[in-house]
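Chain by chain, the residues run as shown.
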4 protein chains.
Amino acid sequence: MAGNSFGKLFKLTTFGESHGKAIGGIIDGCPAGLKLNFEAIQNEMERRKPGQSKIVTQRKEADAVEFYSGIFEGETTGTPIGFVIHNTNQKSKDYSHIKDVYRPSHADYTYDKKYGVRDYRGGGRSSARETACRVVAGAIAKQLLKGLKINAFTSSVGDIFIDKPYQELDFNKIESNAIRCPDETKAEEMIAKVQAIKKEGDTIGGTITCVIQNVPAGLGEPVFDKLHAELGKAMLSINAVKGFEYGSGFCGAKMKGSDHNDLFNTDGSTKTNLSGGVQGGISNGMDIYFRVAFKPVATVLQKQSTINNSGKTVEMQGKGRHDPCVVPRAVPIVEAMAALVMADYLLLRRQESRDW
Amino acid sequence: MAGNSFGKLFKLTTFGESHGKAIGGIIDGCPAGLKLNFEAIQNEMERRKPGQSKIVTQRKEADAVEFYSGIFEGETTGTPIGFVIHNTNQKSKDYSHIKDVYRPSHADYTYDKKYGVRDYRGGGRSSARETACRVVAGAIAKQLLKGLKINAFTSSVGDIFIDKPYQELDFNKIESNAIRCPDETKAEEMIAKVQAIKKEGDTIGGTITCVIQNVPAGLGEPVFDKLHAELGKAMLSINAVKGFEYGSGFCGAKMKGSDHNDLFNTDGSTKTNLSGGVQGGISNGMDIYFRVAFKPVATVLQKQSTINNSGKTVEMQGKGRHDPCVVPRAVPIVEAMAALVMADYLLLRRQESRDW
Amino acid sequence: MAGNSFGKLFKLTTFGESHGKAIGGIIDGCPAGLKLNFEAIQNEMERRKPGQSKIVTQRKEADAVEFYSGIFEGETTGTPIGFVIHNTNQKSKDYSHIKDVYRPSHADYTYDKKYGVRDYRGGGRSSARETACRVVAGAIAKQLLKGLKINAFTSSVGDIFIDKPYQELDFNKIESNAIRCPDETKAEEMIAKVQAIKKEGDTIGGTITCVIQNVPAGLGEPVFDKLHAELGKAMLSINAVKGFEYGSGFCGAKMKGSDHNDLFNTDGSTKTNLSGGVQGGISNGMDIYFRVAFKPVATVLQKQSTINNSGKTVEMQGKGRHDPCVVPRAVPIVEAMAALVMADYLLLRRQESRDW
Amino acid sequence: MAGNSFGKLFKLTTFGESHGKAIGGIIDGCPAGLKLNFEAIQNEMERRKPGQSKIVTQRKEADAVEFYSGIFEGETTGTPIGFVIHNTNQKSKDYSHIKDVYRPSHADYTYDKKYGVRDYRGGGRSSARETACRVVAGAIAKQLLKGLKINAFTSSVGDIFIDKPYQELDFNKIESNAIRCPDETKAEEMIAKVQAIKKEGDTIGGTITCVIQNVPAGLGEPVFDKLHAELGKAMLSINAVKGFEYGSGFCGAKMKGSDHNDLFNTDGSTKTNLSGGVQGGISNGMDIYFRVAFKPVATVLQKQSTINNSGKTVEMQGKGRHDPCVVPRAVPIVEAMAALVMADYLLLRRQESRDW
């Protein structure tokens, strides 16, 4: 069971290496009759695209999606949606120097151990370039989800954190700045931080918070496929992610039950929402929110000592065009993966109806 | 795809409600020829069992496992292992008062929304009693994993944290105290804390750290089924879990790349291990370690105002015998789920051999 | 992926050996709110049960099903339905003589090759006893399928064939005779044939025809999971089955297109139904019908020369109580597997609705 | 679970409509380190290709496969193999006349019922064009299977049957004639038959026999995923297939056990092979052989009365370039699907090893 598929009823399978001819995927299970907004899809691609601002990698990639099947006269037909994104701007020679070298905290070493061979150019399959395919599928899933609102944003860069609850933030401001932080003051600090780090030839980590609103109650499949467990797996499958927490998260582990319990209103909603919209793995109708931790990008433009595949120590220095901080470009990826999970569980939910 | 199965090649499917006749499961895919140590299996059950110490629920359950198939003359036959644990000590009347009531931060409300009907006794399917089946399967997986060492322990209760790196802890001391903390001084504080909380009729959260040692390099299935993503899902599927982080985790999100990168030794091991033994979703041979956050148990023995299924406000008070802190009993569950993930990936790894 | 599960949304996983403590299974994905008719379930068990007539094995087994979970106050709860059938009438000593012997055309040899160990008693896992679990799940699936009518019957024994189209048969007569053939004249011939064969200590093969009526159009999942492909796999997974054909089947391979095409009536139904109710893997609303070929039971009560596991030639003679012809007892199994397939596809169909 | 994936460990997912931009697929799970013979792959494509002889459709399609990923310097990398076949020779206007018309015994009606929308051009997704992707994957699977020999051939056209056992046939002659029948005399009769049928503007059915040799014992996953059950599903998933039988097949249903049993030689092989190389769903090391029935192509170039999507009766006549008999082009498809099944089970087999 090689792990290149995600989802059950709404299933995405991706292929492609960073510097191969193309990357792409197949979405199997998208219901028929959905009129697609292609501009909205491409717009999500732009949000993930390199070169979109001064604080991300300056690589230039068109990231133009070509759909080959599953759509007829602008409408999904229920058959698999095959799509391809041609790789247009690879500079493979940027990578010739790592042909035999294992970059620290990269997947070079593990891919070699697992497969005994690898396409080293641009990180090959382990490159975050693969996530472009997730964004395509996520953009379609979003259109399927209509009512739901999925908003992710940068909640911290290094030690700069938003210190307001998400309810006090204006999600319309997320796209108003390069770091994708709806708190404009913090956004400026974060951007300054990233620019300083970039000057040092270094990189920095951060966190993304995601809020899903208008979720119907009843989504999730206990006991192993709990809604939050699948969301966690989805996020942890994104490059550079080191942690996931939802609702009260790690803070909840310090609390007392009497403080942590969410008391009910008579309409079934709760006065507080430390649960994060999920109880026993099933959505309860309140907002679902979670936080995702991203490590700093491993490629630093400073000298580092490492080894090659014959176990010799070598000096290396990151080349090529890299992100000083992955977080701003990861925001649409987090939303895409959240959309894939929600679409899958909504379809699962549909077949539970009790009218026979 | 109802979610009661876990794993691909080593697959566990469980059934059972807290107060039904029995709980149980089927392990499909356990290779043939494994001589089982039944004492070791039962021993894991004892670690999870209620009533094992003063700081856990005083319910008495035998938790005796009966194996019905897949084992012949003490050896696995490669056919599915069916097992059952009869429920012997239910006091269903303890729950009659919640027949129509939704307990705050429990799954009563969401199960009703999803299924329209529920076995309310003892929480039914949403009860942590289901995890007994995971411990059975995990105990068998551990025997399959021979070389690997999987040790989980309580790393915090409320705001009492172990402040040493795991390398300085003696895992042999984990079972030496009721809270399962290898740091004896902290253990005493934690136990005192739980006892105080219990007196108040309240509950408290905590965290568990798990360390997996002697892991071969090359386990994990990029891009979606990354080893740490599956570990995360496994942990998040355990009752009361709110968060998961591995390696540097959320702290890593504050760091710079130049500090975070794990430099190589010439033998391929790394000088530091902020990566937590996984790169690009594949094990690199270093220790895998992660931390799991548990919320405080929702059932407090204090008066709470809540609603019933006709939306009326009602006063309720937790009855029955409950855990003031779930963490000590969750330690073997965390180990069991980790063992299930590792066994599955080890079997997946086997079929990648290159000799044709 | 050990192969002991069947179905996707309505999923059955079975366990158990012929002479172990018990056999059983888990049905995961049965929707909540289905009031179960337990008498109807047990009645299906009686149809499969040994000892029910003079022309089947005289083994006596209670085949009483115990449900352990997933049902509350007679209604399904949407949680997994765990069930067990205790083995009560094994005479394991009947099998001591085959401990090291490979019976011709049995699975003894292949199980040994695959697993290196086997529970030889009564054929262990390869025994048709396992199908009792399929009948339990199939009986529940039938109750889910309400409107649909699934009727299987014996269409041939040896060279005695029903020579009428199924439309001319009265399905109410299927249970009126021991061979389960609705054509009473043929039924008598078939029964006489089986009795003669039994006297010789020999066995005989036969075929079963199954007709599914009132099927809604639109069931099936092209391109690989075509409705008839899944039905074919389901039937081929039953012990002793050698062939499957639907609609015109093998005869269709001799025909011309101009004779084979089913012309439409204006309501979308077709004047003929050589297609067997499926086009392009999707039901078209016409009757689905197919035929299943069963080989003669391998255990003959005559002397045979065979080998043991050290490659020595040995003389053996079948002992124990065996079926001279498997077909009459296989009729409810064919219906059960058909019901499992239809239930699964009906649930899959539900989530295709176009209203968002 | 839309049904566009096949296999578990060696998994193919396909996309594409007959007249869309392209068809293609993703092979996930092909082990790393396999040096691919691309000529051999293209050669399989030529065998399936239209226009290859006088007795098949005269459509001209290049069927050139482009590989986009998973291969580096001619060797598989263990990452997903994405491939695309561009559609180059569609004459969509050939199909404008069926835009609203349901062709008899085609999937037009059922696709409309299921999806409510369809790409009618060339049959869209229901076109056998999709099988080109299966041939690509099957050709790679064959290279993985090295030792195994998989030979399919035409065993009948209409009522012209090969009357020799396959052991007496020379498989090297399969490709020596346009109908792919190794019995040259029969081949001539079959070809003449197809030419006569073609003149009438009619079509004819036929059967294909497939023989798999050098199969190791121990492949197959009881109880539901029996080796022959998966082979049956694979064959039944091919367009126009109506039946499947293996070993003695439907004839076996007429036999006595004393005649049907395969007696052992002391080396574990059997004197006869009515079992068809499989016992209890597991290969026994003897040849696996099976027969597949194909209905006559539904598109006849004669006037037919049918209905349109408003339920009106209309006269129609097949246009475009169609096959008078699908069998010769289906031979490589049968081999491809057989190779996919065997590759999957071989990989599954690998992880059963008993050395820990």
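Remember, it's a predicted structure, so these values are computed and weren't measured experimentally. (Residues numbered from 1 in each chain as written. Chains lettered and ligands numbered in written order. Predicted model: local features only at pLDDT ≥ 70, side-chain atom pairs only at ≥ 80, totals over all residues. Heavy atoms only, no water.)

1. Some words on the overall build of chain A
Check the secondary structure of chain A and you find eight helices and 17 strands. Computed over its C-alpha atoms, the radius of gyration of chain A comes to 21 Å, within 12% of the 21 Å expected for a compact globule of 356 residues. C-alpha extents for chain A along the principal axes are approximately 65 × 50 × 35 Å. Within chain A, counting contacts between residues at least 6 apart in sequence, those at least 24 apart form 70% of the total. Summed over its atoms, the accessible surface of chain A is roughly 10,900 Å², and 50% of this surface lies on carbon and sulfur atoms. Charged side chains in chain A number 47 positive and 41 negative. The centres of these two groups are separated by 6 Å. (Helix = DSSP H or I, 4+ residues; strand = E, 2+ residues; numbered from the N terminus. Rg over C-alpha atoms; globule rule 2.2 N^0.38 Å. Contact = heavy atoms within 4.5 Å. Areas by Shrake-Rupley, 256 points an atom, 1.4 Å probe, with all protein chains shown as cover. Lys, Arg positive; Asp, Glu negative; His and termini not counted. Charge placed at Lys NZ, Arg CZ, Asp CG, Glu CD.)

2. What to know about the UniProt feature "binding site: NADP(+)" (unreviewed entry) in chain A
Residues and elements named next belong to chain A. The sites that carry the UniProt feature "binding site: NADP(+)" (unreviewed entry) are, in the present numbering, Arg48 and Lys54. Position of arginine 48 relative to the elements: it lies in helix H1 (residues 38–48). Beyond its immediate sequence surroundings of up to four residues, arginine 48 is in contact with Asp63, Ala128, Arg129, Thr131, Ala132, Val135, Arg329, Pro332 and Ile333. At a separation of 3.3 Å, a polar atom in the side chain of arginine 48 contacts the side chain of aspartate 63. (UniProt positions renumbered as here; feature names shortened; annotations may be inferred. Polar contact = N/O pair within 3.5 Å; in protein donor to acceptor, adjacent residues only side chain to side chain.)

3. Quick look at the side chain of serine 53 of chain C
Residue and element names in this part refer to chain C. Position of serine 53 relative to the elements: it lies in the loop between helix H1 (38–48) and strand E4 (65–67). Polar side-chain contacts of serine 53 include one of 3.3 Å to the backbone nitrogen of isoleucine 55. Those residues in contact with serine 53 that lie beyond four places of it in its chain are Gln58 and Ala178.

4. Details of the environment of glycine 281 of chain D
All names here are of chain D. Within the secondary structure, glycine 281 sits in the loop between strand E13 (278–279) and strand E14 (282–283). It is 30 Å that separates the C-alpha atoms of glycine 281 and valine 326, two residues lying 45 residues apart in sequence. When sequence neighbours within four positions are dropped, the list of residues in contact with glycine 281 reads Leu219, Gly220, Glu221, Lys226, Leu227 and His228.

5. What about the sheet that holds strand E3 (residues 22–28) of chain B?
Residues and elements named next belong to chain B. Read across the open sheet, the five strands follow the order E1-E2-E3-E7-E4; overall the sheet is antiparallel. Single-partner strands in this sheet number two, and they are strand E1 (5–6) and strand E4 (65–67). Bridge count between E4 and strand E7 (residues 81–86): three bridges; the pairing is antiparallel. Across the sheet, the residue bridging to valine 65 is isoleucine 85, located in E7. (Pairing = 2+ DSSP bridges.)

6. Looking at the confidence of the model for chain A
Detail in the predicted coordinates should be disregarded across regions flagged by low pLDDT. A residue-level look at chain A finds 98% of positions with pLDDT of 70 or above and a mean pLDDT of 94. Both confidence scores are given for the complex: pTM 0.97, ipTM 0.97. (pLDDT = per-residue confidence, 0-100.)

7. So, the nonpolar core
Membership of the largest hydrophobic core comes to 365 residues, with the highest contact counts inside it found for Phe290 of chain A, Ile212 and Phe290 of chain B, Phe290 of chain C together with Phe290 of chain D. Among residues more than four places away in sequence, those in contact with isoleucine 212 of chain B are Leu148, Lys149, Ile150, Leu231, Asp287, Ile288, Phe290, Ala338 and Met342 of chain B. (Core = buried A, V, L, I, M, F, W, Y, C linked by side-chain atoms within 4.5 Å. Buried < 20%, exposed > 50% of the residue type's maximum accessible area, 1.4 Å probe, protein only.)

8. Considerations on the sheet that holds strand E10 (residues 160–161) of chain D
Spatially, ten strands are ordered E10(C)-E9(C)-E11(C)-E15(C)-E12(C)-E12(D)-E15(D)-E11(D)-E9(D)-E10(D) in an open sheet, and the strand pairing comes out antiparallel. The open sheet has two free edges, formed respectively by strand E10 (160–161) of chain C together with E10 of chain D, since each of these has just one partner strand. Looking at chain direction, strand E9 (residues 149–157) of chain C and E10 of chain C are connected through two bridges and run antiparallel. Directly across from serine 156 of chain C, in E10 of chain C, lies its bridge partner phenylalanine 161 of chain C.

9. Looking at the relation of the copies chain B and chain A
For the pair chain B and chain A, the relating rotation is 180°, the translation along its axis is 0.0 Å, and the fit reaches an RMSD of 0.0 Å. Put plainly, the chains are arranged around a two-fold axis. Mapped onto chain A, 100% of the interface residues of chain B again fall at the interface, so both copies present the same surface. (Least-squares fit on C-alpha atoms with pLDDT ≥ 70 in both.)

10. Side note on helix H5 (residues 227–236) of chain B
Burial of H5 of chain B is extensive: ten of the ten residues sit out of reach of the surface. When H5 of chain B is considered as a whole, its buried residues turn out to be Leu227, His228, Ala229, Glu230, Leu231, Gly232, Lys233, Ala234, Met235 and Leu236 of chain B.

11. What to know about the pattern of salt bridges
Throughout the structure, instances matching the rule amount to 112 salt bridges over all chains. Note that glutamate 335 of chain B and lysine 142 of chain B form a salt bridge whose closest N and O atoms lie 2.6 Å from each other. Separated by 193 residues along the polypeptide, glutamate 335 of chain B in helix H8 (residues 327–350) and lysine 142 of chain B in helix H3 (residues 131–144) bring together distant segments of the chain. Residue glutamate 335 of chain B is classed as buried on the basis of its relative accessible area, which comes to 3%. Between arginine 48 of chain D and aspartate 63 of chain D there is a salt bridge; the shortest N-O distance is 3.3 Å. Here arginine 48 of chain D, found in helix H1 (residues 38–48), pairs with aspartate 63 of chain D, found in the loop between H1 and strand E4 (65–67); they are 15 residues apart in sequence, far enough to count as distant. (Salt bridge = Lys/Arg side-chain N within 4 Å of Asp/Glu carboxyl O.)

12. Description of the packing of helix H3 (residues 131–145) of chain D against helix H8 (residues 327–350) of chain D
All names here are of chain D. Packing of H3 against H8 brings their axes to within 7 Å, and their N-to-C directions diverge by 50°. Accordingly, the angle class assigned to the pair H3 and H8 is oblique. Here H3 runs over H8; the crossing is left-handed. Residues Thr131, Arg134, Val135, Ala137, Gly138, Ala141, Lys142, Leu144 and Leu145 of H3 form the contact with H8, whose participating residues are Pro332, Ile333, Glu335, Ala336, Met337, Ala339, Leu340, Met342, Ala343 and Leu346. For the contact of H3 with H8, a count of residues per class yields 14 nonpolar, two polar and three charged. (Axes fitted to C-alpha atoms, helices over the stretch in contact; angles between N-to-C directions. Parallel < 35°, antiparallel > 145°, perpendicular 65-115°, else oblique. Left-handed = near helix turned anticlockwise from the far one by under 90°. Nonpolar A, V, L, I, M, F, W, Y, C, P; charged D, E, K, R; others polar.)

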